[in-house]
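Next come the chains, spelled out residue by residue.
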Amino acid sequence: MEREKGVVESRLDPAAPDQFFSMDGWFVWGGTVCREKERYYLFASAWKKEYSFSGWVKYSTIVQGVGDKPEGPFRFLREVTELKTQDWSREMVHNPTALKIGDTYYLYYIGTNGKASKWNAGQTEEAEIYRYNQKIGVAVGKTLEKPLTVSVHNPVFAPVQGGWDCTYVTNPSVVRGPDGILMVYKSLMKDRSAMKLGIAGAKSPEGPFVRLKKEPILDENVEDPFIWHQDGKYCMIVKDMRGTLAGRPDEAVIYTSGDGIRWEEPPVYAYGTQIMWKTGSISYTNVERPQMYLENGKPVCLYNAVGNVPEHTFHVARRFQKAAVWAQTGSSR
């Protein structure tokens, strides 16, 4: 029996053959889009294939592209080298997520370096030395046509010793809601048992960000959150690592919340690992890193990191058929 489509994928138009962004000889992993005037600017993680897929933790950078429509196609503009001008992020930047607040653009990202620190003490593998130095920063600008300015407050969010999230912080997703700025982030549990999500808030987009809950906001092993505010509620898509929510590992579910701290259970099945192209459906091993472009608070495009890891990955854009309403009803499966 064919599985019923999720609440997100059932609202998506098939993707045209040019609704993707890739770079020859590079892995491209996820993308986030902001509009300025009549142009749409893409920011995505990328690293050379010669370093292997797992090499992102040391070698990833962030690149910028531009297109005439939110779904693309996008053409390469530049590497966003200004993100590596601060010592904490001088070797690797990853996980971009961009939004416009007022008349200012904010690009959040994670960064790291290979220096010995209190965070990576005891780690012996090179990848883990870099991983345990991961923190979250932001770059700011009035225009996306010029390089951004990295915040003097960076990193704006870091692990906290003694907390559940004392390992490293990553996967930031930021929204301006009625109660201020909220950031959902991922961290590895102190006992290394699972990846979970935390919530932090700030009065300013540049922080300081303060943890709003001392424990994870969900009990499940999830990652890749994308949060937004719509129709009086916060909504959040996450990737289900083990399949306990979506029914299969690595598929996605959607949660809703009144305050961004307490999330309604159960979540609703959002989408799987198939992409419907205008030429037909293709199954991939990876459909991850969800991001959305919204206009007037309504989703217009869904973006994902797609591919068959570790061979090839790229950024895909799919347009919503109409304004989506995310009712918290029904089963997650």
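What you see is a predicted model; the values in this text were computed from it and never measured.

Caption draft 1: Structural view of the pairing of strand β16 (residues 251-257). The element β16 is extensively covered by neighbouring structure, given that seven of its seven residues are classed as buried. As judged from the seven bridges shared by strand β15 (residues 233-240) and β16, these two strands associate in the antiparallel manner. Across the sheet, residue Met236 finds its bridge partner in β16, namely Tyr255. One ladder, built from three bridges, connects β16 with strand β17 (residues 268-271); its direction is antiparallel. Bridging across to β17, Val253 finds its partner in Tyr269.

Caption draft 2: Examining the state of the cysteines more closely. Considering all chains together, one arrives at zero disulfides under this definition. Here Cys235 is not disulfide-linked; the sulfur of Cys301 is the nearest cysteine sulfur, at 17 Å. By relative accessible area, Cys235 is classed as buried at 2%.

Caption draft 3: Local environment of the sheet that holds strand β13 (residues 210-211). Read from one edge of the open sheet, four strands run β10-β11-β12-β13, paired in antiparallel fashion. At either margin of the open sheet sits one strand with a lone partner, and together these are β10 (169-177) and β13. Relative to strand β11 (residues 180-188), β10 runs antiparallel, the two being bridged by seven bridges. Note on β11: the bridge partner recorded for Val174 is Met183.

Caption draft 4: Seen up close, the side chain of Gln64. Structurally, Gln64 is set in strand β4 (residues 61-67). With relative accessibility at 2%, the residue Gln64 sits in the buried group. At 2.8 Å, the side chain of Gln64 forms a polar contact with the side chain of Arg78.

Calculation rules
- Residues numbered from 1 in each chain as written.
- Predicted model: local features only at pLDDT ≥ 70, side-chain atom pairs only at ≥ 80, totals over all residues.
- Heavy atoms only, no water.
- Buried < 20%, exposed > 50% of the residue type's maximum accessible area, 1.4 Å probe, protein only.
- Helix = DSSP H or I, 4+ residues; strand = E, 2+ residues; numbered from the N terminus.
- Pairing = 2+ DSSP bridges.
- Disulfide = S-S within 2.5 Å.
- Polar contact = N/O pair within 3.5 Å; in protein donor to acceptor, adjacent residues only side chain to side chain.

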